[in-house]
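# Geometric and topological summary
Read off the chains here:
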Amino acid sequence: MRSRMLLFGVCVGCGWAWAGQPLRLELKWQELESRVARKKVAFTLPDGTRVEGKAIAVQADGLRMKVSKTSDRKAQPKGERVIPRAELSVLRVTSYRKLGRLLGTLGAA
């Protein structure tokens, strides 16, 4: 058990060292589709509601996504929704690569 925990700690530590700083980009609305389609996204709306989910498509009027987590279920319920373009200013995109998946799998073992 102790060796398994040590391996998990080493793998997680190495993963953080390789991860580096997050990439920050400023994109036009038309350029957003290629960066966020089918990826996990998170953002905070102007009213303070935090929303997380998987982006489906970028439309002219907003971001179509499947909401999986929300801090206010009445304002933004779970399920497929279109978030109005005017309510989005900063979007965090998470994309996992093979290394991240490998480290996650090793840590769960």
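All values reported here derive from a predicted model rather than from experimental measurement. (Residues numbered from 1 in each chain as written. Predicted model: local features only at pLDDT ≥ 70, side-chain atom pairs only at ≥ 80, totals over all residues. Heavy atoms only, no water.)

### Comments concerning the overall build of the chain
Convention followed: Helix numbering and strand numbering both begin at the N terminus, where a helix is a DSSP run of H or I of at least 4 residues and a strand a DSSP run of E of at least 2. Residue contacts follow a heavy-atom distance rule, with two residues in contact if any of their heavy atoms lie within 4.5 Å.
From N to C terminus, the chain includes three helices and five strands. Going from N to C terminus, the chain has its helices and strands arranged as α-α-β-β-β-β-β-α. Sequence separation of at least 24 residues holds for 37% of the intrachain contacts in the chain that already meet a minimum separation of 6.

### So, the nonpolar core
For the record, the criterion: Take the buried Ala, Val, Leu, Ile, Met, Phe, Trp, Tyr and Cys residues and link them wherever side-chain atoms come within 4.5 Å; each set so joined is a nonpolar core. Under the scheme applied here, a residue whose accessible area is under 20% of the maximum for its type counts as buried, over 50% as exposed, and between as partly exposed, the area being computed with a 1.4 Å probe on protein chains only.
One finds V36, V41, F43, L63 and M65 to be the most contacted residues of the largest nonpolar core, which totals 14 residues. Taken together, the elements giving at least two residues each to this core come down to α2 (32-36), β1 (40-44), β2 (50-58) and β3 (62-70). Setting aside its immediate chain neighbours within four residues, M65 contacts V41, F43, V51, E52, G53, K54, A55, I56, G79, E80, R81 and I83.

### Examining the environment of T70
The following threshold applies: Counting of polar contacts relies on pairs of N or O atoms within 3.5 Å, with two restrictions inside protein: one atom must be capable of donating a hydrogen and the other of accepting it, and residues adjacent in sequence are counted only when both atoms are side-chain atoms.
As for its position among the elements, T70 is in strand β3. By relative accessible area, T70 is classed as buried at 17%. On a C-alpha basis, the gap between T70 and R50 in space is 5.6 Å, while along the polypeptide they are 20 residues apart. What T70 contacts, discounting residues up to four positions off in sequence, is T49, R50, V51 and Q76. A polar atom in the side chain of T70 sits 3.2 Å from the backbone oxygen of Q76.

### A word on unusual backbone geometry
If you check the backbone angles, R38 has positive phi at about 65 degrees while not being a glycine. Here R38 shows up in the loop between α2 and β1. Given a relative accessible area of 66%, R38 falls into the exposed group.

### Quick notes on the confidence of the model for the chain
For clarity, the threshold we go by: pLDDT runs from 0 to 100 and stands for how confident the predictor is about each residue.
Overall, the predicted model of the chain reaches an average pLDDT of 77, with 68% of residues at or above 70. Least confident of the elements in the chain is helix α1 (residues 2-19), whose mean pLDDT is 42; most confident is β3, at 95. Long-range and interchain partners of residues 1-18, a stretch whose pLDDT sits below 50, account for six contacts in this model, where long-range means more than four residues apart.

### Describing the pattern of salt bridges
Let me state the cut-off plainly: Any carboxyl oxygen of Asp or Glu that lies within 4 Å of a side-chain nitrogen of Lys or Arg is treated as forming a salt bridge with it.
As enumerated under the stated definition, the model contains three salt bridges in all. Two residues, R50 and E52, come together in a salt bridge whose shortest N-O distance is 3.5 Å. Judged by its relative accessible area of 13%, E52 falls in the buried class. R64 is the partner of E80 in a salt bridge, and the nearest nitrogen-oxygen pair spans 3.1 Å. In this pair, E80 is assigned in strand β4 (residues 79-84) and R64 in strand β3, connecting sequence segments 16 residues apart. Looking at E80, the relative accessible area reads 51%, which means it is exposed. A relative accessible area of 25% places R64 in the partly exposed class.

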